[in-house]
Amino acid sequence: MATGYLKAYQVGESDIVSAYTESQAIRVLTDYCSTGYCEGELDVTEQPFEMELQDEEGNYLQTLGDYMKTVVKAEYLFGWE
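Notes on the structure in this doc start here. Every value quoted in this text rests on a predicted model; they were computed, and no experiment measured them. (Residues numbered from 1 in each chain as written. Predicted model: local features only at pLDDT ≥ 70, side-chain atom pairs only at ≥ 80, totals over all residues. Heavy atoms only, no water.)

1. Quick look at the overall build of the protein
For step 1, the next point in the chain: For the protein, the count of helices and strands is two helices and six strands.
For step 2, the next point in the chain: Put simply, the protein has 81 residues, and 36% of those count as buried.
For step 3, the next point in the chain: A fraction of 45% describes how many contacts in the protein between residues 6 or more apart in sequence connect residues 24 or more apart.
For step 4, the next point in the chain: Of the accessible surface of the protein, which amounts to about 5,500 Å², a share of 45% is contributed by carbon and sulfur atoms. (Helix = DSSP H or I, 4+ residues; strand = E, 2+ residues; numbered from the N terminus. Buried < 20%, exposed > 50% of the residue type's maximum accessible area, 1.4 Å probe, protein only. Contact = heavy atoms within 4.5 Å. Areas by Shrake-Rupley, 256 points an atom, 1.4 Å probe, with all protein chains shown as cover.)

2. Notes on the sheet that holds strand β6 (residues 75–79)
For step 1, the next point in the chain: Across the sheet, which stays open at both edges, the four strands sit in the order β3-β1-β2-β6 with antiparallel pairing between neighbours. Edge positions in the sheet fall to β3 (44–46) and β6, since each has one partner strand and no second. Taken pair by pair, the neighbouring strands of this sheet meet at an average axis angle of 30°, ignoring direction.
For step 2, the next point in the chain: Inspection of the sheet shows strand β1 (residues 7–11) paired to strand β2 (residues 15–19) by five bridges, in the antiparallel sense. What sits directly across from Ala 8, in β2, is Ser 18.
For step 3, the next point in the chain: Sitting on the sheet, helix α1 (residues 22–33) is in contact with β1, β2, β3 and β6, with an inclination near 125° to β2. (Pairing = 2+ DSSP bridges. Axes fitted to C-alpha atoms, helices over the stretch in contact; angles between N-to-C directions.)

3. Looking at the side chain of Gln 24
For step 1, the next point in the chain: Along the chain, Gln 24 falls in helix α1.
For step 2, the next point in the chain: The exposure class assigned to Gln 24 is buried, which follows from its relative accessible area of 18%.
For step 3, the next point in the chain: Residues in contact with Gln 24, not counting those within four places in the same chain, are Ala 19 and Ala 74.

Encoded structure:
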């Protein structure tokens with residue numbers, strides 16, 4: 001059972017996942033992608049809940065904190081290219 005609270009992490013250059021720890025964030029992404037990333041190859045940065053999310057045209061959607069209110073487990077959230 002995980003302790004603490006879910007955080008949003010950017011893993012690598014363009015993926016956001018929810019996880020309890022940085023190491024779990026890497027596992028979530030590597031499990032999602034199945035690409036064989038090594039832990040040393042991925043940077044992990046906790047993202048602020050104030051981060052504004054936008055659609056492909058740059059229109060404001062909501063904050064990351066608002067999005068995280070519906071997230072209940074460690075999982076892949078979204079990414080961009």
